[in-house]
Every structure is written in structure tokens, then in C-alpha cells.
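Reading the structure
For reference, the chains in residue letters:
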Amino acid sequence: TELKDSLAVRYQKQSDLAEHVNNKERVDVNALGDALSNAREYGVQVWNEPLLLAAEAKLDALQRLAELKAALEAAAAAPPPPAPVEGEEVPEEGEEETPLKALARILEATEVSLKKLEEKKVLLSPDLNVTETVEKAVALARPPEAAPET
């Protein structure tokens with residue numbers, strides 16, 4: 001009976017995690033994190049490792065999107081860097097990360113994370129405005145003259 005109960009609990013944890021991964025409207029980072037943690041605790045990876053990998057990818061993407069949105073707001077609110085004055089030496093940039101550099105770094109990590117999510121065929125809610133957020137970040141972090149040619 002103990003074995004039967006533990007298998008039933010593992011199955012329930014797998015079902016809970018599958019609901020979080022497969023339902024694109026389930027975008028609560030804490031709830032997904034808890035479901036993932038519970039699934040690991042009860043050994044769901046033994047039965048369905050791809051599900052855990054998909055859950056990890058979705059969790060990472062959601063966390064990175066939240067970070068990207070915050071960086072986008074910070075970069076948009078930051079004053080632009082001063083234009084160089086002719087005849088004046090441009091001081092070397094210090095080690096301090098500007099909001100724009102932070103945005104570019106976070107954008108790159110977010111794009112990698114979203115690509116992994118796409119490879120796992122996990123969808124996110126349209127309400128998250130993923131495409132719009134990434135496009136705004138690209139426009140701010142990679143102005144047209146600095147954008148890499150494709």
C-alpha cells in the first residue's frame with residue numbers, strides 16, 4: 001500500500017507539473033517553481049524527464065521575461081548618454097553597467113531562453129506580449145545603425 005500511495009503521489013505531481021507546462025495561461029513563476037520542485041522531490045524525472053526539462057525551460061523563460069521587462073523600463077527611464085563634444089576627449093567607460101548595457105545583456109539571455117522554450121514546443125500566454133516586449137528591447141538596445149546584419 002505504501003508503494004501504491006507513493007506512485008499515486010508521483011503521478012499527481014507529474015500531472016500537476018504537466019498542467020503548468022502545457023497550459024500556456026499558467027504563467028505564475030512561483031506556482032511553476034513549486035510544481036517543479038515537488039515533481040523533483042517525488043522523482044517524476046524517472047518517468048518523464050522531458051516534462052521536467054520543459055518545465056525548467058518555461059520557468060527560465062518566464063523569469064527572464066520579467067527581468068527583461070524591468071530592464072526595459074529602467075533603460076527607457078534612464079537619461080541618454082551625453083553626446084561627445086567636439087575637441088573633448090571621450091572618457092573611457094567605467095566598469096559600471098549602464099541601464100542600456102544591462103538591457104542588451106538581459107535581452108540576449110532572454111532570446112536564448114525563448115529559443116529553448118520554442119524547441120521544447122512550450123507556448124506562453126499571448127497576454128505576456130512576448131513579441132512586443134522583445135521588439136521594444138531590440139529597438140532600444142540595438143539601434144538600427146548598431147543592429148547586426150542578417
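Now for a look at the structure at hand.

About the criteria used
- Residues numbered from 1 in each chain as written.
- Predicted model: local features only at pLDDT ≥ 70, side-chain atom pairs only at ≥ 80, totals over all residues.
- Heavy atoms only, no water.
- Core = buried A, V, L, I, M, F, W, Y, C linked by side-chain atoms within 4.5 Å.
- Buried < 20%, exposed > 50% of the residue type's maximum accessible area, 1.4 Å probe, protein only.
- Helix = DSSP H or I, 4+ residues; strand = E, 2+ residues; numbered from the N terminus.
- Contact = heavy atoms within 4.5 Å.
- Phe/Tyr/Trp six-rings, centres within 6.5 Å; stacked < 30°, edge-to-face > 60°.
- Lys NZ or Arg CZ within 6 Å of the ring centre and 35° of its normal.
- Axes fitted to C-alpha atoms, helices over the stretch in contact; angles between N-to-C directions.
- Parallel < 35°, antiparallel > 145°, perpendicular 65-115°, else oblique.
- Left-handed = near helix turned anticlockwise from the far one by under 90°.
- Nonpolar A, V, L, I, M, F, W, Y, C, P; charged D, E, K, R; others polar.
- Expected span 1.5 Å × (residues − 1).
- Arc of directions from axis to C-beta.

The biggest cluster of nonpolar side chains holds 32 residues, and the ones touching the most others in it are Leu17, Val21, Leu68, Leu103, Leu114, Leu124 and Val130. At the level of elements, α1 (2–22), α2 (29–41), α3 (44–77), α4 (99–119) and α5 (130–141) are the ones that each hand at least two residues to this core. Looking at which element gives the most residues to this core, the answer is α3, with 14 residues. Dropping the residues within four chain positions of it, Leu68 is found in contact with Leu103, Ile106, Leu107, Thr110, Thr133, Val134 and Ala137.

This paragraph deals with the packing of aromatic side chains. In this structure the tally under the stated criterion is 0 aromatic pairs. Taking NZ or CZ as reference, Arg10 lies 4.9 Å from the ring centre of Trp47, over its face.

Within the secondary structure layout, Trp47 lies in helix α3. Residue class for Trp47 comes out partly exposed when judged on its relative accessible area of 39%. On a C-alpha basis, the gap between Trp47 and Tyr11 in space is 9.1 Å, while along the polypeptide they are 36 residues apart. Non-local contacts of Trp47, meaning those with residues more than four positions away in its chain, are made with Leu7, Arg10, Tyr11 and Gln14.

The description of two helices packed together rests on the angle between their axes and the distance between the axes. α4 packs onto α3 with a crossing angle of 155 degrees between their chain directions and a minimal axis gap of 8 Å. When the axes of α3 and α4 are compared, the pair comes out roughly antiparallel. Crossing handedness for the pair α3 and α4: left-handed. Residues Ala57, Lys58, Asp60, Ala61, Arg64, Leu65, Glu67, Leu68, Ala71, Leu72, Ala74 and Ala75 of α3 touch α4, and the partners they reach there are Pro99, Leu100, Leu103, Arg105, Ile106, Leu107, Ala109, Thr110, Ser113, Leu114 and Leu117. Here the contact of α3 with α4 is built from residues that sort into 16 nonpolar, 2 polar and 5 charged.

With 21 residues, α4 extends 30 Å from end C-alpha to end C-alpha; this agrees with the ideal 30 Å at 1.5 Å per step. For α4, the set of buried residues is Ala102, Leu103, Ile106, Leu107, Thr110, Ser113, Leu114 and Leu117. Summarising the axial view, the buried residues of α4 lie within an arc of 140 degrees, below the 170-degree limit, and thus occupy one face. Residues of α4 that are exposed and point over 90 degrees away from its buried face: Glu108, Lys115 and Glu119. Buried residues belonging to α4 abut α3 and α5. Directly after α4, the chain includes Lys121, whose backbone phi takes a positive value near 60 degrees.

Taking 1.5 Å of rise per residue, the 12 residues of α5 would be expected to cover 16 Å, and the 16 Å separating its terminal C-alpha atoms lies within 8% of that figure. Considered for burial, the residues of α5 that qualify are Val130, Thr133, Val134, Ala137 and Ala141. Angularly, the buried residues of α5 cover 95 degrees about the axis, an arc narrow enough to put them on a single face. Along α5, the residues that are exposed and aim more than 90 degrees away from the buried face are Thr131, Glu135 and Ala139. Buried residues belonging to α5 abut α3 and α4.

Don't take any of this as a statement about function, it's just geometry.
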